[in-house]
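Residue-level structural notes
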Amino acid sequence: DAGVTQSPTHLIKTRGQQVTLRCSPKSGHDTVSWYQQALGQGPQFIFQYYEEEERQRGNFPDRFSGHQFPNYSSELNVNALLLGDSALYLCASSLAVYEQYFGPGTRLTVT
Amino acid sequence: AQSVSQHNHHVILSEAASLELGCNYSYGGTVNLFWYVQYPGQHLQLLLKYFSGDPLVKGIKGFEAEFIKSKFSFNLRKPSVQWSDTAEYFCAVLRPNTGFQKLVFGTGTRLLVSP
């Protein structure tokens, strides 16, 4: 049984560009949450998707958007990249038991 | 502001020493509590969790944590650490009655165990 998978592993972008990160949840999970982990910090909640809708959002600007597909996989899009968006982006999946399983993350570097 | 506090940012121990990492949260009401570990180069893994019942919970690899409601604390302990416990440890809180599964994390404690 595959756990949570994310792609790509690493990504380098320049300021102003747009990026899309992808996540496949653990088998049987229907909820996907995205977190941003800056260097030396704990993960910060970006948003959560359930039944293809954004269910809750953290304190992130509208430049951060997402999508969930019928197969429960999800994408995180960030527009107009800033240097401060450089971080590890984590995807977590769960199934209504409040235990979230995390993927390996995508390391985004903005230059 | 509602938050999760981890008091020790860096801890250095020798093998076989005892470990206690502090975690406090500032939410009232029902909470679910978690400790996650991030080994070097690996992803976040769940060490243990508390939902209800016995406030002393046991997790993987000999770790345990005690929920003290009156102190809003959920400290992580291990009687005897090993070199392989070198990692970053995160405490996290979820408020189930909000209907959402949003985890709020502390800033983490980086543990270095010297052989």
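The paragraphs below set out a description of the structure included in this document. Please read these numbers as outputs of a predicted model, since none were measured by experiment.

Reading the values: the criteria
- Residues numbered from 1 in each chain as written.
- Chains lettered and ligands numbered in written order.
- Predicted model: local features only at pLDDT ≥ 70, side-chain atom pairs only at ≥ 80, totals over all residues.
- Heavy atoms only, no water.
- Helix = DSSP H or I, 4+ residues; strand = E, 2+ residues; numbered from the N terminus.
- Rg over C-alpha atoms; globule rule 2.2 N^0.38 Å.
- Buried < 20%, exposed > 50% of the residue type's maximum accessible area, 1.4 Å probe, protein only.
- Contact = heavy atoms within 4.5 Å.
- Areas by Shrake-Rupley, 256 points an atom, 1.4 Å probe, with all protein chains shown as cover.
- Lys, Arg positive; Asp, Glu negative; His and termini not counted.
- Charge placed at Lys NZ, Arg CZ, Asp CG, Glu CD.
- Core = buried A, V, L, I, M, F, W, Y, C linked by side-chain atoms within 4.5 Å.
- Buried area = accessible area lost by both parts, 1.4 Å probe.
- Salt bridge = Lys/Arg side-chain N within 4 Å of Asp/Glu carboxyl O.
- Polar contact = N/O pair within 3.5 Å; in protein donor to acceptor, adjacent residues only side chain to side chain.
- Disulfide = S-S within 2.5 Å.

When its secondary structure is counted, chain B shows zero helices and twelve strands. Listed by position from the N terminus, the elements making up chain B come as β-β-β-β-β-β-β-β-β-β-β-β. For a compact globule of 115 residues, the expected C-alpha radius of gyration is about 13 Å, and chain B comes in at 14 Å, within 12% of that figure. Seen along its three principal axes, the alpha-carbon backbone of chain B occupies a region of about 45 × 30 × 20 Å. The buried share among the 115 residues of chain B stands at 47%. Of the contacts formed within chain B by residues at least 6 apart in sequence, a portion of 55% connects residues at least 24 apart. Accessible surface, chain B as shown: approximately 5500 Å² in total, 53% of it carbon and sulfur. Charge centroids of chain B, computed over 10 positive and 7 negative side chains, lie 9 Å from each other.

Right, let's get into the overall build of chain A. The secondary structure content of chain A amounts to zero helices and eleven strands. The N-to-C order of helical and strand elements in chain A reads β-β-β-β-β-β-β-β-β-β-β. Taken against the 2.2 N^0.38 rule, which gives 13 Å for 111 residues, the C-alpha radius of gyration of chain A at 13 Å falls within 12% of a compact globule. Seen along its three principal axes, the alpha-carbon backbone of chain A occupies a region of about 40 × 25 × 25 Å. Here the analysis covers contacts within chain A between residues at least 6 apart in sequence; of these, 51% occur between residues at least 24 apart. Entry remark: accessible area of chain A is about 5200 Å², with carbon and sulfur atoms responsible for 49%. Looking at chain A, you have 8 positive and 10 negative side-chain charges, and the mean spots of the two groups are 12 Å apart.

Turning next to the nonpolar core. By size, the foremost hydrophobic cluster in this structure holds 30 residues, and its most contacted members are Trp35, Leu48, Phe74, Leu76 and Tyr89 of chain B. Secondary-structure elements contributing two or more residues to this core are strand S2 (10-14), strand S3 (19-21), strand S5 (32-38), strand S6 (45-50), strand S8 (64-68), strand S9 (73-78), strand S10 (87-94) and strand S12 (109-114) of chain B. Residue contributions to this core peak at four residues, all from S10 of chain B. Other than its neighbours up to four places away in sequence, Leu48 of chain B contacts Leu33, Phe34, Trp35, Val57, Lys58, Gly59, Phe63, Glu64, Ala65, Phe74 and Leu76 of chain B. In this structure, Leu11, Tyr49, Phe60 and Val110 of chain A belong to the second largest nonpolar core, which totals 20 residues.

Attention now goes to the environment of Thr107 of chain B. Assignment of secondary structure puts Thr107 of chain B in the loop between strand S11 (104-105) and S12. Sequence spacing of Thr107 of chain B and His9 of chain B is 98 residues, and the spatial spacing of their C-alpha atoms is 7.7 Å. Residues contacting Thr107 of chain B, with those up to four places away along its chain left out, are Gly40, Gln41 and Gly42 of chain A together with Gln6, His9, Glu88 and Phe90 of chain B.

Frequently, the measure chosen for interface size is the accessible area that the parts lose on association. Listed by partner, the interface residues are 20 residues for chain B and 23 residues for chain A. Here chain B packs against chain A, burying approximately 1800 Å² in sum over the two surfaces, 55% of which is carbon and sulfur. At the junction of chain B and chain A, the tally comes to one salt bridge. With its nearest N and O atoms 3.0 Å apart, the salt bridge here joins Lys49 of chain B to Glu99 of chain A. The interface formed by chain B and chain A includes four residue pairs in polar contact (both at pLDDT 80 or more).

Residues and elements named next belong to chain A. One pass over the full model with this rule turns up two disulfides over all chains. Between the sulfur of Cys23 and that of Cys91 lies a disulfide, 1.8 Å long from S to S. Since a negative S-S torsion denotes a left-handed disulfide, the Cys23-Cys91 link at about -60° is left-handed. Taken together, the residues span a long stretch of sequence, with Cys23 in strand S3 (residues 19-24) and Cys91 in strand S9 (residues 87-94) at a distance of 68 residues. Both residues of the pair, Cys23 and Cys91, count as buried.

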